[in-house]
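Given next are the chains, with one letter for each unit.
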Amino acid sequence: DTGVSQDPRHKITKRGQNVTFRCDPISEHNRLYWYRQTLGQGPEFLTYFQNEAQLEKSRLLSDRFSAERPKGSFSTLEIQRTEQGDSAMYLCASSSGTSEYEQYFGPGTRLTVT
Amino acid sequence: AQSVTQPDIHITVSEGASLELRCNYSYGATPYLFWYVQSPGQGLQLLLKYFSGDTLVQGIKGFEAEFKRSQSSFNLRKPSVHWSDAAEYFCAVFGQNFVFGPGTRLSVLP
């Protein structure tokens, strides 16, 4: 059990550029979550996968955001045409089918849009 | 709709003192309740959870929390704080999905 990993840990990009983040969940965890956390706030739910199926998306997830989990293992979160308001920490978490409410979080990807 | 409030943005306690972090939730039914801790540069770590049954739940690192339905509260406690407990603490509720509170930052004085 190596924990949830996220790559990159930090990303600085210019407004208007596209960025993609990767999350590798704990192996055999079939549920994967993406959250966004801004300074001084708790994580906000963005989207959730069970295996490769994206089962829920928050209204926070605008059309510029897309997430995939093509083989039910790792997941990617892409932000197109980044805006300064996208600057935040993007967190990934995973959980197993037997303990679905016990989420294990990765260290996050900090995005700065200049 | 679900919501979580943590009334204290920042709390400072002396090492060895007791601690109570407040959490209030809003949800139509009995929710699942959680406390997480986040240290700088670290991911969130689950401290404890409440699903049903005994309203006093024990967690890791000597923490406990008490669910009070009448007050819609799930306060986190620790009898004696250690310097390593300095971190950000988040209360969360699962009803339809996970909703986190804004967090309480804990500072510990030597």
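Our structure's up above, just so we're on the same page.
Before going into details, it helps to say that this report is about the structure given with it. It should be emphasised that the depicted structure is a prediction, and the values quoted were computed from it without experimental measurement.

**Section: the overall build of chain A**
A count of helices and strands for chain A gives zero helices and eleven strands. Listing each helix as α and each strand as β along chain A from the N terminus yields β-β-β-β-β-β-β-β-β-β-β. Computed over its C-alpha atoms, the radius of gyration of chain A comes to 13 Å, within 12% of the 13 Å expected for a compact globule of 114 residues. Projected onto the principal axes, the alpha-carbon positions of chain A cover approximately 40 × 25 × 25 Å. Here chain A holds 114 residues, and the buried ones make up 48% of them. Long-range pairs, those at least 24 residues apart, make up 53% of the contacts in chain A between residues at least 6 apart in sequence. Total accessible area on chain A stands at roughly 5,900 Å², and carbon and sulfur atoms take up 42% of it.

**Some words on the state of the cysteines**
All told, the structure shown has two disulfides over all chains when counted by the stated rule. Linked covalently through their sulfurs, A:Cys23 and A:Cys92 form a disulfide whose S-S length is 1.8 Å. Here A:Cys23 and A:Cys92 share a disulfide; its torsion about the S-S bond, -65°, makes the bridge left-handed. You can see A:Cys23 sitting in strand S3 (residues 19-24) and its partner A:Cys92 sitting in strand S9 (residues 88-95), a full 69 residues away along the chain. Across a sulfur-sulfur distance of 1.9 Å, B:Cys23 and B:Cys91 are joined as a disulfide pair.

**What to know about the interface of chain A and chain B**
How big an interface is tends to be stated in terms of the accessible area lost upon association of its parts. Listed as interface residues are 17 residues of chain A and, on the opposing side, 18 residues of chain B. The interface formed by chain A and chain B includes one salt bridge. Put simply, chain A and chain B have three residue pairs in polar contact (both at pLDDT 80 or more) between them. Considering only residue class, the side of chain A that touches chain B consists of eight nonpolar, six polar and three charged.

**A short note on the nonpolar core**
Core analysis: the largest hydrophobic core is formed by 26 residues, its most contacted members being B:Leu19, B:Trp35, B:Leu47, B:Leu48, B:Phe74, B:Leu76 and B:Tyr89. Of all the secondary structure elements, the ones that give two or more residues to this core are strand S2 (10-14), strand S3 (19-21), strand S5 (32-38), strand S6 (45-50), strand S8 (64-68), strand S9 (73-78), strand S10 (87-94) and strand S12 (104-109) of chain B. It is S10(B) that contributes the most residues to this core, four residues altogether. Those residues in contact with B:Leu47 that sit more than four places away from it in its chain are B:Trp35, B:Tyr36, B:Val37, B:Gly59, B:Ile60, B:Lys61, B:Phe63, B:Leu76 and B:Tyr89. In terms of nonpolar packing, the next biggest core, distinct from the first, is built from 19 residues, A:Val4, A:Ala67, A:Cys92 and A:Val113 among them.

**Quick notes on the pattern of salt bridges**
Under the definition given, this model contains eight salt bridges over all chains. The salt bridge partner of B:Arg22 is B:Asp8, with a shortest N-O separation of 2.9 Å. Of this pair, B:Arg22 sits in the loop between S3 and strand S4 (24-26) while B:Asp8 sits in the loop between strand S1 (3-5) and S2, and the two are 14 residues apart along the sequence. Residue B:Arg22 is classed as partly exposed on the basis of its relative accessible area of 39%. Judged by relative accessible area, which is 17%, B:Asp8 ranks as buried. What emerges from the salt-bridge pattern is a single network uniting A:Arg64, A:Glu83 and A:Asp86.

**With respect to the packing of aromatic side chains**
Applying the stated criterion to the full structure yields 24 aromatic pairs over all chains. Measuring from centroid to centroid gives 4.9 Å for A:Tyr33 and A:Tyr48, while their planes differ by 15°, and the two rings are stacked. Within this pair, whereas A:Tyr33 is found in strand S4 (residues 31-37), its partner A:Tyr48 is found in strand S5 (residues 44-50), the two being separated by 15 residues in sequence. Assessed through its relative accessible area of 10%, A:Tyr48 is described here as buried. Relative to B:Phe67, the ring of B:Tyr50 has its centre 4.6 Å away and its plane inclined at 25°; by these criteria the two rings are stacked. A residue pair is termed long-range when its members are at least 10 positions apart, and B:Tyr50 in strand S6 and B:Phe67 in strand S8 qualify at 17 residues. An identical accessibility class is assigned to B:Tyr50 and B:Phe67; each is buried. The ring of A:Phe74 has A:Arg22 lying over it, and the distance from NZ or CZ to the ring centre is 3.9 Å.

Conventions adopted
- Residues numbered from 1 in each chain as written.
- Chains lettered and ligands numbered in written order.
- Predicted model: local features only at pLDDT ≥ 70, side-chain atom pairs only at ≥ 80, totals over all residues.
- Heavy atoms only, no water.
- Helix = DSSP H or I, 4+ residues; strand = E, 2+ residues; numbered from the N terminus.
- Rg over C-alpha atoms; globule rule 2.2 N^0.38 Å.
- Buried < 20%, exposed > 50% of the residue type's maximum accessible area, 1.4 Å probe, protein only.
- Contact = heavy atoms within 4.5 Å.
- Areas by Shrake-Rupley, 256 points an atom, 1.4 Å probe, with all protein chains shown as cover.
- Disulfide = S-S within 2.5 Å.
- Salt bridge = Lys/Arg side-chain N within 4 Å of Asp/Glu carboxyl O.
- Polar contact = N/O pair within 3.5 Å; in protein donor to acceptor, adjacent residues only side chain to side chain.
- Nonpolar A, V, L, I, M, F, W, Y, C, P; charged D, E, K, R; others polar.
- Core = buried A, V, L, I, M, F, W, Y, C linked by side-chain atoms within 4.5 Å.
- Phe/Tyr/Trp six-rings, centres within 6.5 Å; stacked < 30°, edge-to-face > 60°.
- Lys NZ or Arg CZ within 6 Å of the ring centre and 35° of its normal.

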